[in-house]
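Structural characterization, general
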Amino acid sequence: MPFATRFPDLDTSVEEAVIMVNGDAYTSEFYSGHADVEWHGEPIAGDYAVRSAQTDCAKRQCPCWDFRNVSLTAVKTPLLNADYYSQHVGWPLLGCFQNQVSLTELHERLFFYNAKITDFTSVFAGCSSLEELPSDLFDYNPKAESFNGCLSSTAVSELPTGLFKSKPCATDFRSCFYKCTHLNNLPDNLFEGCLAALSFSYSFAQCEALTSVPSALFKSCPSVTDFSNTFFRCYKLKSLPNDLFKNNALATNFMACFAECQALDSIPWDLFHGCPAAETFGGNGNYPNYGCFENCRSLREIPPTVFIKCSEAKDFRNVFAICLNLEQLPEMLFCANANATDFSGAFYGDRKLTELPGDLFANCSSAQNMSSVFATAPAYYGYMALAHLPESLFEGCPNVTNFSGAFQGCSSVEGMLPELWLRGVEGTAYEDYTAPTSYSGCFYGCTKADNYNIAGNYGWN
């Protein structure tokens, strides 16, 4: 016998279950655990089918199958009732068909007899030949809670309308289409009725063929809190709809949401107006924790009102870093973000900026970290084109303690540098400001500035 099978005996009504290979039946013995096919040699090519002595499909007919050690090309009948998540053991469907690289066909009612399934985590992940999905693939699973990674790294190019429609218990859509590099179209009602959805982190990350997003995509998901990396590395995504997050008032995390969308050339003026709870637009700049729009190399301007409804925002680290074609910044961009504490690297490497508005950080009274905010690495991104630094640039930020490397590489700056070294010094106009504790290299390379040597005397170069 080329393989052995293991099955759990969870229901005495199941007298016997067998696996059919090219018409030959292999009987099984029952063990605790799950139905795993273990190969002792090369897998047998051909037709696989599961047969059960239990003919009543309302009852448990077979064990919880794990096909990961079997080479499948098609699943042409619905799965028998395995009573996934039974009260006895609770073995999930987790990764049931994972990495079936030859699988091309699924039955349209594949999970019809398994209405109790709650976890579809990674169920088809890595099925790299799977190009089409049945329109009603998940229609019979109203108790589903997780679709984490369920179709990641598949070859689907289009999705059925309402694929996840009316899943009132579903909370987890993380990485559901991660690395679906052929996916080029999304239906607007894809998540219709998913009222409990909490996370879309990485949901469409590295969908490299995706060019647009429907405005109603998340309309039915009012409970979402996490949009981190949702469209990360969607290289061809060119534009965004105004109402994309209109109904997501509880969303807090937008870290790397559009990072490395290198074709994105504009941002809707009201993109985050429906997100008053948003806290995080930043990341530390290390893969994959990037800023929201980091490395969006086609972006040329930022609408002045994009963050105006996000009064709870705290983290803007690297938010627009390496936007190599960003040419100007709007006035009072962060005027509504009084709770923001960290702007480190916010415009790092934005080499085409020639001037900065003096009120860019107006009202940012909680800001503490401005390290590398306008710095660059010349060897990678070239020198900054900034020609002048307004004295009032940080007047709205009286509590900044970290200016390390803030303007490092701004070699074109002329005129007077802001006298940041006088902050907290008695008898100066800045005595009421918090004295910075970290400032090494703040003006490193700004040798054309009139008071560059003075800054150096205070240790700011």
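Each chain has its residues counted from 1, running along the sequence as written. Only residues with pLDDT of at least 70 get local features here, since the model is predicted, and only at 80 or more are side-chain atom pairs given and counted; chain-wide, interface and lining totals rely on the full set of residues. To obtain the side-chain values, all non-hydrogen atoms of the structure were used and water was disregarded.

1. Re the overall build of the chain
Applicable threshold: Put simply, DSSP marks the helices as runs of H or I at least four residues long and the strands as runs of E at least two long, and each gets a number from the N terminus on. Working definition: with a 1.4 Å probe on protein chains only, accessible area under 20% of the residue-type maximum means buried, over 50% means exposed, and in between means partly exposed. Contacts are residue-level and defined by heavy atoms, with any inter-residue pair within 4.5 Å sufficient. The Shrake-Rupley method, run with a 1.4 Å probe, gives the accessible areas here. Residue values count only the displayed protein chains as cover.
Scanning the chain for helices and strands turns up 2 helices and 9 strands. In the chain, which comprises 461 residues, the proportion classed as buried is 54%. Partitioning the contacts of the chain with sequence separation of at least 6, the portion at a separation of at least 24 is 82%. Summing over all exposed atoms, the chain offers an accessible surface of approximately 18600 Å²; the carbon and sulfur share of this is 45%.

2. A few points about the packing of aromatic side chains
Spelled out, the test is: Pairing of aromatic side chains here covers Phe, Tyr and the six-membered ring of Trp, requires ring centres within 6.5 Å, and sorts the geometry by plane angle: under 30 degrees stacked, over 60 edge-to-face, intermediate tilted. The rule for a charge over a ring is simple: NZ of Lys or CZ of Arg within 6 Å of the ring centre, and within 35 degrees of the ring normal.
Applying the stated criterion across every chain yields a total of 73 aromatic pairs. With a centroid separation of 5.1 Å and an interplanar angle of 70°, the aromatic rings of F307 and F316 are classed as edge-to-face. With relative accessibility at 0%, the residue F316 sits in the buried group. Just above the ring of F112 sits the side chain of R109; from NZ or CZ to the centre is 3.9 Å.

3. Considering the environment of M416
Relative to the helices and strands, M416 is located in the loop between α1 (378–381) and α2 (452–457). Through-space distance from the C-alpha of M416 to that of H388 is 7.9 Å; in sequence the pair is 28 residues apart.

4. Things to note about the confidence of the model for the chain
What counts is decided by this rule: A score between 0 and 100, pLDDT records how confident the predictor is in each residue.
Here the chain averages 87 in pLDDT, and 83% of its residues register 70 or above. Note on residues 1–16: pLDDT under 50 across the span, and 68 contacts to partners over four residues away in sequence or across chains. pLDDT under 50 marks residues 85–91. Its contacts with residues more than four places away, or in other chains, come to 11 contacts.

5. What about unusual backbone geometry?
Backbone torsion omega between Y287 and P288 reads -5°, so that peptide bond is classified as cis. Relative to the helices and strands, P288 resides in the loop between β9 (105–106) and α1. Backbone geometry places S175, a non-glycine residue, at a positive phi of 55°. Turning to its location among the elements, S175 is positioned in the loop between β9 and α1.

6. A few points about the pattern of salt bridges
When charged atoms on two side chains of opposite charge get close, those side chains can pair. For clarity, the threshold we go by: The rule for a salt bridge is simple: a side-chain nitrogen of Lys or Arg has to be within 4 Å of a carboxyl oxygen of Asp or Glu.
Enumeration according to the criterion identifies 5 salt bridges in this entry. Among the ionic pairs, R174 bridges to D172, the shortest N-O distance being 2.7 Å. On the accessibility criterion, R174 (36% relative accessible area) is partly exposed. The shortest N-O distance in the salt bridge between K238 and D265 comes to 3.0 Å. Placement of the pair is K238 in the loop between β9 and α1 and D265 in the loop between β9 and α1, with a sequence separation of 27 residues. We classify D265 as partly exposed; its relative accessible area is 30%.

7. Quick look at the side chain of D136
Rules: Charge counting treats Lys and Arg as positive and Asp and Glu as negative, with His and both chain ends excluded.
For D136, the location among the structural elements is in the loop between β9 and α1. At 5.4 Å, R109 is the nearest oppositely charged side chain to D136, a buried residue that forms no salt bridge. If near-sequence neighbours (up to four positions away) are discounted, D136 is found in contact with E108 and R109.

8. Thoughts on the side chain of N148
As for its position among the elements, N148 is in the loop between β9 and α1. Not counting chain neighbours up to four residues away, the residues in contact with N148 comprise F120, T121, S122, D172, R174 and S175.

9. Some remarks on the nonpolar core
Short version of the rule: Residues belong to a common nonpolar core when they are buried Ala, Val, Leu, Ile, Met, Phe, Trp, Tyr or Cys residues joined through side-chain atoms within 4.5 Å.
Counting residues in each nonpolar core, the largest one holds 120 residues, and the members touching the most others are F124, F177, F231, F258, F347, F361 and F374. In this structure, Y178, Y202, M255 and A256 belong to the second largest nonpolar core, which totals 8 residues.

10. Observations concerning the state of the cysteines
Heads up, the condition is: When two cysteine sulfur atoms are found within 2.5 Å, that pair is recorded as a disulfide.
Summed over the entire model, instances satisfying the criterion amount to 0 disulfides. Cysteine C176 shares no disulfide, and the gap to the nearest cysteine sulfur, in C150, comes to 5.5 Å. When its relative accessible area of 0% is taken as the criterion, C176 is described as buried. Sulfur of C257: no disulfide; nearest cysteine sulfur belongs to C292 and is 5.2 Å away.

11. Remarks on the environment of P398
Relative to the elements of secondary structure, P398 occurs in the loop between α1 and α2. In this structure, the C-alpha to C-alpha distance between P398 and A367, residues 31 residues apart in sequence, is 7.9 Å.

12. Focus: the environment of E395
Here E395 shows up in the loop between α1 and α2. Under the relative-accessibility criterion, E395 is labelled partly exposed at 42%. Between the alpha carbons of E395 and S365 there is a distance of 9.2 Å; along the sequence they are 30 residues apart. The contact partners of E395, leaving out residues within four places of it in the chain, are R423 and Y433.

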